[in-house]
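Observations on chain architecture
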Amino acid sequence: MFVVVEMVDTVRIPPWQFQRQLNEAIAEELNKKLANKVVYNVGLCICLYDITKLEDSYIFPGDGASHTKVHFRYVVFHPFLDEILVGKIKYCSQEGVHVSLGFFDDIIIPPESLQQPAKFDETEQVWVWEYETDEGAHDLYMDQGEEIRFRVMDQVFLDTSPTGPAVTATDTPGTTVAEDSGQKEAPYTLIGSISEPGLGLLSWWNS
């Protein structure tokens, strides 16, 4: 679930930090820059593991800060495919079951990857597994807050770096302006599955 990744970056230390140990100041700056951020095709950065190499520091004209090229290792959340994780159901929607690990919320189990047959209860806004027994079908609800065991089937990275200024509409009569919905797409999403025995709500298998 967690891996240590080797990285290289140039760290800027402002003059008022010069009284501190260089390693200490650089570690703080790296955590400010990376902690709880998603690096494209790497994963969710958690914390600095260690600094492996410091190159020479430079001060450039017009900038009193020092600039140091740093080789370091960082702890990153990046589950491998087919890894089994346990989280809690955040909510359900037509798109599937949304799961949280507490520190990471962008996990979805799509309808086709649920235990089958499954249906979405519009009234309760939950997915239901219609579990077949000798006595007939029983509805097992996937309620919010329930612990769920799932397999990681895929992971999707989205480049969310700025692409330029938004296009604005002119004052031409009849022009329609599409308002921004305010919803931001997740830079890193895990796609899960519970479509095999032993996966799904822990309460299903512990009862």
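A few points on the structure. (Residues numbered from 1 in each chain as written. Predicted model: local features only at pLDDT ≥ 70, side-chain atom pairs only at ≥ 80, totals over all residues. Heavy atoms only, no water.)

**Things to note about the overall build of the protein chain**
Scanning the protein chain for helices and strands turns up two helices and 13 strands. A separation of at least 24 residues holds for 67% of the contacts in the protein chain among residues at least 6 apart in sequence. Element-wise, carbon and sulfur atoms account for 51% of the exposed surface of the protein chain, whose accessible area totals about 13000 Å². (Helix = DSSP H or I, 4+ residues; strand = E, 2+ residues; numbered from the N terminus. Contact = heavy atoms within 4.5 Å. Areas by Shrake-Rupley, 256 points an atom, 1.4 Å probe, with all protein chains shown as cover.)

**Brief notes about the packing of aromatic side chains**
A full pass over the atoms with the stated rule returns nine aromatic pairs. For the ring pair F77 and F103, a centre distance of 5.1 Å and an interplane angle of 90° mean the geometry is edge-to-face. Of this pair, F77 sits in strand β4 (residues 66–77) while F103 sits in the loop between β6 (96–100) and β7 (107–109); the two residues are 26 residues apart in sequence, bridging distant segments of the chain. Among the aromatic residues, those joined into a cluster by ring pairs are F2, Y40, F77, F103, F104, F157 and Y188. (Phe/Tyr/Trp six-rings, centres within 6.5 Å; stacked < 30°, edge-to-face > 60°.)

**Topic: the nonpolar core**
Residues V97, I109, M142, F150 and I194 are the most contacted members of the largest nonpolar core, which totals 26 residues. Of all the secondary structure elements, the ones that give two or more residues to this core are β5 (84–93), β6, β7, β9 (126–133), β11 (147–157) and β12 (188–193). Here the element with the most residues in this core is β11; it accounts for four residues. Excluding its chain neighbours within four sequence positions, the residues that come into contact with V97 are I89, Y91, C92, I107, I108, I109, L114, W127 and M142. Counting residues in hydrophobic clusters, the runner-up holds 14 residues, among them C45, L48, F72 and Y74. (Core = buried A, V, L, I, M, F, W, Y, C linked by side-chain atoms within 4.5 Å. Buried < 20%, exposed > 50% of the residue type's maximum accessible area, 1.4 Å probe, protein only.)

**Overview of the layout of surface pockets**
By volume, the largest pocket is sized at about 290 Å³. Lining the largest pocket are 12 residues, and of these Y91, H98, D106, A186 and T189 sit closest to its centre. Listing elements by their share of the lining of the largest pocket, those giving two or more residues are β5 and β7. Here the residues of the lining of the largest pocket are counted per class, giving four nonpolar, three polar and five charged. (1 Å grid on protein atoms, 1.4 Å probe; cavity = no way out; pocket = protein on both sides within 12 Å on 5 of 7 lines; lining within 4 Å. Points joined across faces, edges and corners; volume = space filled by probe spheres on them. Nonpolar A, V, L, I, M, F, W, Y, C, P; charged D, E, K, R; others polar.)

**Considerations on the sheet that holds β4**
Judged by pairing direction, the sheet is antiparallel, and its four strands sit side by side in the order β1-β4-β3-β2 without closing on themselves. Both outer strands of the open sheet, β1 (2–13) and β2 (38–39), are each paired with one neighbouring strand and no more. Where β2 meets strand β3 (residues 43–58), two bridges bridge the pair, whose relative direction is antiparallel. Note on β3: the bridge partner recorded for V39 is G43. Helix-sheet contacts for helix α1 (residues 22–34) involve β1, β2, β3 and β4, and the interaxial angle to β3 is about 140°. (Pairing = 2+ DSSP bridges. Axes fitted to C-alpha atoms, helices over the stretch in contact; angles between N-to-C directions.)

**Comments concerning the pattern of salt bridges**
Side-chain pairing between opposite charges can occur once the charged atoms of the two side chains come close. Counting across every chain of the model gives 11 salt bridges. The salt bridge involving R20 is made with E24; its shortest N-O contact spans 2.9 Å. Its salt-bridge partner being R20, residue E28 comes within 3.0 Å of it at the nearest N-O pair. On the accessibility criterion, R20 (22% relative accessible area) is partly exposed. Through salt bridges with shared partners, a single network forms among R20, E24, E28, E29 and K32. (Salt bridge = Lys/Arg side-chain N within 4 Å of Asp/Glu carboxyl O.)

Function cannot be read off these values alone, since they describe shape.
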